[in-house]
Amino acid sequence: MSAEPIATFESALDELGVDLVRTTTDEFASTLEPLLDAPAVGSPLPFTGVSLPENVDTDPTVAELDAAATGVTAAGYGIADYGSVVVQGGADGAEPVSLYADEHVAVVAESDVLPDMDAAFDRIAADVGNGTSQSIIATGPSATADMGALVEGAHGPMAVTVVLLEGA
Amino acid sequence: MRADRRRKADRIRHLLDTEGAAVHQNTQVFNEGRYESTAALDDYEALKAEARAIKEDAIERLPELVEQVTEAVEANGGTVYVADDAADATRYLSDVVDGRSVVKSKSMTTEELDVNDSLDASGAEVWETDLAEFVLQIADEAPSHIVAPAIHKSREEIATLFNEVFEPAEPLSTAEELTRFARGYLGEKIRDAEVGMTGANFITADTGSLALVTSEGNARKCVQATDTHVAVAGVEKLVPSVEDLQPFVELIGRSGTGQDITSYVSLLTPPVDSPTFDDGELGPAADREFHLVLIDNGRMAMREDDQLRETLYCIRCSACANSCANFQHVGGHAFGGETYSGGIATGWEAGVHGQDSAAEFNDLCTGCSRCVNQCPVNIDIPWINTVVRDRINRGSDGDFDFLVEGLTPDSEPGGVDPQKRLFGNFDALAKLGSAFAPLSNWVARTDTAGALLERTLGVDRRRELPEFERETLVEWFERRGPRVSRDTARRQVALYPDVYTNYVRTERGKAAVRVLEALDVRVTVPAAGESGRAPLSQGMVATAQSNAEAVFDALAPTVAAGHDVVVIEPSDLAMFHREYERLLPTDDYTALNEHSYELLEYVYGLLENGASADALADGDDERVAYHSHCQQRTLDLEPYTVAVLEDCGFDVTTSDVECCGMAGSFGYKAEYYELSVDVGESLADQFRADDAADRTVVASGTSCLEQLDALLTRRPAHPVRLLDRQ
């Protein structure tokens, strides 16, 4: 993958107020640690050589989910020019984890950062064909202007951080 | 004033007072956001064309797509029900819900069907989880905007409402506090609910997938937390494939709220496999049910209707509402029917609720055309409004008025409202007014005439009536003759004498002749009649068509000789370039379209091709405030006037409102006068601002000039007057 989509991704995320944190498989644990505000919940990560630390609850109750400060999930891919991550929820609970915590930390592999919506929809269509039942194109925090002014953090997270797994 | 006009005027005044400020502020944010966000797209026009093509194809093949999606959803483990009408849909939904608790995400289609009322009646508890819909549910009000349904409510009003209804320990005040409170309150409802009801922005026939475009995250929660997902959507939401979603996803947020993309675009192929909430635990999703309820409710008939079919391409982004000056000022509680609001609502209301619902607000579309380039699927929204107006005219009972009948040699049936007839036949009135000028002007200015006109025809007596010239432009030119010989002419043109220029504002016509001649153009002024704009704006399509044919006959020799047609009045040029496509044979339309130009556009072309600005008046740094015309801006013709004025040494600033609010006859109508002035004040305020207060005011459109003349102390003029050396 060329550096260009990553640079585009980073600047698009920056405009949304989303931090992009770069790391590698080896350094993942130490990179993630300061990003975790307790209590943290998560859904298992599919990347080889990467896993969630013990203090991240991957089997929360509804109350624990609701009380979570941080929710860590993988993102199937990123869309560089929009600064979006695509959360592909499934039985492992990525959908509620990415939705209920105050902050969503999305982990995406560098090779999964796609340049644009065209490329993303090619992947999404293929995934639907392969049985993925939900792909949420998530762009920045949840937001509403319904209460008379823009508020970040409506029903969903009020902040998002993207962790980019370089070399993965 | 007639009672129905007075009622309408009262209602509009009430909404201007109570909701106008909030609606104006919020729609402005959306409108500016859309311009900014779409400008950042390299391929905006191509994306719109692609989206349009997908919709055309989908609606063409709709029955086939309904079959295809039914197979796909059933193969995924869900069910599909196609409801014929609202009663059918609500009966089915009540059966599926079966008294269980329901949490909903925002869906205008469920508003159309009054789903909440019917579920309530069946004993089910229903909560709207979109924060704006939640506000309306508590306030027991109807949406005023199809995307931001509580756009008419200020933060202060919402705070007062919440504090009264929920009596929180600490009174709520800021938008953040209100949002947190609603999130907490609705969070409990979502946790306890058994049914999640959503709409769908798009449905893909190939896979049975839904696209939900949201920002708050409530739709995601409603689907995930519950074990029964019900999606309610019009049949027109079907597109063939998942790949077809891409242009829509790129366009819908930009076109609506001016966001490049909303926070969440959920692409779901239900029943989804996320764990549900089950007694405080995350439980398996194996038993989740999915019901797709597709709504006909008039849509299949719209598909067969050559004029209303385009409405089905609508993706309900709200661009036509946000870009509409009238909507910006009064909102969807006036500019809307039973369910839908904004320009395209006329098509939806006529199709799903019937013509009477459309008739309530259809006149608020003035045909200014500002929405036309904003629609992501290129729907000719003014045309739909015109056609429905025509049908309403024809459908109403005869309300014959001999006074108007005498003045109106039109092709319309007796049912047309006399007020519409009067304005639709303005050419006949102008001809008489000119023939009897100045007597006719003196009479028209008397209080007696004003009162009579208001009472019988709904012409607001607060408006000054046009003052007719005894000698028309055509007569003046016949007497004077051309001044540039064929041999020395750079170009030969026919200057189109629109009704206003011919009978009322002859001075701008004479200035146009002299300016063109100064640039070595041989000018003639053929006696071509009214373009059809006036009757068209009243929904008198047949009259507009016969006017169009007569105009073409008068201008055909010019066009056939390879000469050009120059038009002063932008609304008439817009007829030639846009509406004539529907009113004239294709060859005639094309010929006139290719050979007709706005006056200053033409001057610009002459200057670019060797003519010298030295032949025109020298601006000498005169400070000018220019208001282009709505239809002129839709045709992208504003920059030419600015460039020519600057070329000639004027210092130019421009307005950035969508419309002056006058819009032909609209501002004369007693029921709309106050809205017209409210809209016009936004423009006048820009020209009263510090940098503009001392500037000479110019405007291209007759209506704009009349509105500015009424609202400013400076007398405005057409820009060509500045270029005329005389």
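An account of the accompanying structure is given in this report.

Thresholds, definitions, all that
Residues numbered from 1 in each chain as written. Chains lettered and ligands numbered in written order. Predicted model: local features only at pLDDT ≥ 70, side-chain atom pairs only at ≥ 80, totals over all residues. Heavy atoms only, no water. Helix = DSSP H or I, 4+ residues; strand = E, 2+ residues; numbered from the N terminus. Rg over C-alpha atoms; globule rule 2.2 N^0.38 Å. Buried < 20%, exposed > 50% of the residue type's maximum accessible area, 1.4 Å probe, protein only. Contact = heavy atoms within 4.5 Å. Axes fitted to C-alpha atoms, helices over the stretch in contact; angles between N-to-C directions. Parallel < 35°, antiparallel > 145°, perpendicular 65-115°, else oblique. Left-handed = near helix turned anticlockwise from the far one by under 90°. Nonpolar A, V, L, I, M, F, W, Y, C, P; charged D, E, K, R; others polar. Pairing = 2+ DSSP bridges.

Concerning the overall build of chain A
- When its secondary structure is counted, chain A shows 5 helices and 12 strands.
- Compactness check: chain A gives a C-alpha radius of gyration of 15 Å against a globular reference of 15 Å for 168 residues, within 12% of the reference.
- Its C-alpha atoms give chain A principal-axis dimensions of roughly 45 × 40 × 30 Å.
- Taken across its 168 residues, chain A has 59% of its residues classed as buried.
- Considering only contacts within chain A whose residues lie at least 6 apart along the sequence, 73% involve residues at least 24 apart.

Remarks on the packing of helix H9 (residues 155-166) of chain B against helix H10 (residues 175-192) of chain B
All names here are of chain B.
- Two elements in contact, H9 and H10, have axes separated by 10 Å at closest approach and are oriented at 40 degrees. In terms of orientation, H9 lies oblique with respect to H10. Classified by chirality, the crossing of H10 by H9 is left-handed. Contacts between H9 and H10 involve Arg-155, Ile-158, Ala-159, Phe-162 and Phe-166 on the former and, on the latter, Ala-175, Leu-178, Phe-181, Ala-182 and Tyr-185.
- Counted by class, the contact of H9 with H10 contains 9 nonpolar, no polar and 1 charged residues.

What to know about unusual backbone geometry
- That bond from Ala38(A) to Pro39(A) is cis: its omega, -10 degrees, falls within 30 degrees of zero.
- One can find Pro39(A) in the loop between helix H2 (28-32) and strand S2 (40-42).
- Looking along the chain, the bond that leaves Ala437(B) and enters Pro438(B) is cis, with omega of 5 degrees.
- Mapping Pro438(B) onto the fold places it in the loop between helix H21 (426-435) and helix H22 (439-444).
- Of note, Asn297(B) is a non-glycine position whose phi angle comes to about 45 degrees, a positive value.
- Residue placement: Asn297(B) occurs in the loop between strand S12 (289-295) and helix H13 (299-304).
- You can call Asn297(B) buried: its relative accessible area is 11%.

Digging into the sheet that holds strand S16 (residues 596-598) of chain B
Residues and elements named next belong to chain B.
- One open sheet accounts for 4 strands, arranged S14-S13-S15-S16; its pairing is parallel. Sheet topology places strand S14 (521-524) and S16 at the edges, where each strand pairs with a single neighbour. Between one strand axis and the next, the sheet turns by 35 degrees as a mean value, whatever way the strands run.
- Direction of pairing for strand S15 (residues 564-567) relative to S16: parallel, over a ladder of 3 bridges. Pairing of Val-565 across the sheet is with Ser-596, part of S16.
- Its contacts with the sheet place helix H29 (residues 570-583) against strand S13 (491-496), S15 and S16, and it is angled at close to 145 degrees to S16.

On their own, these measurements won't tell you what the molecule is for.
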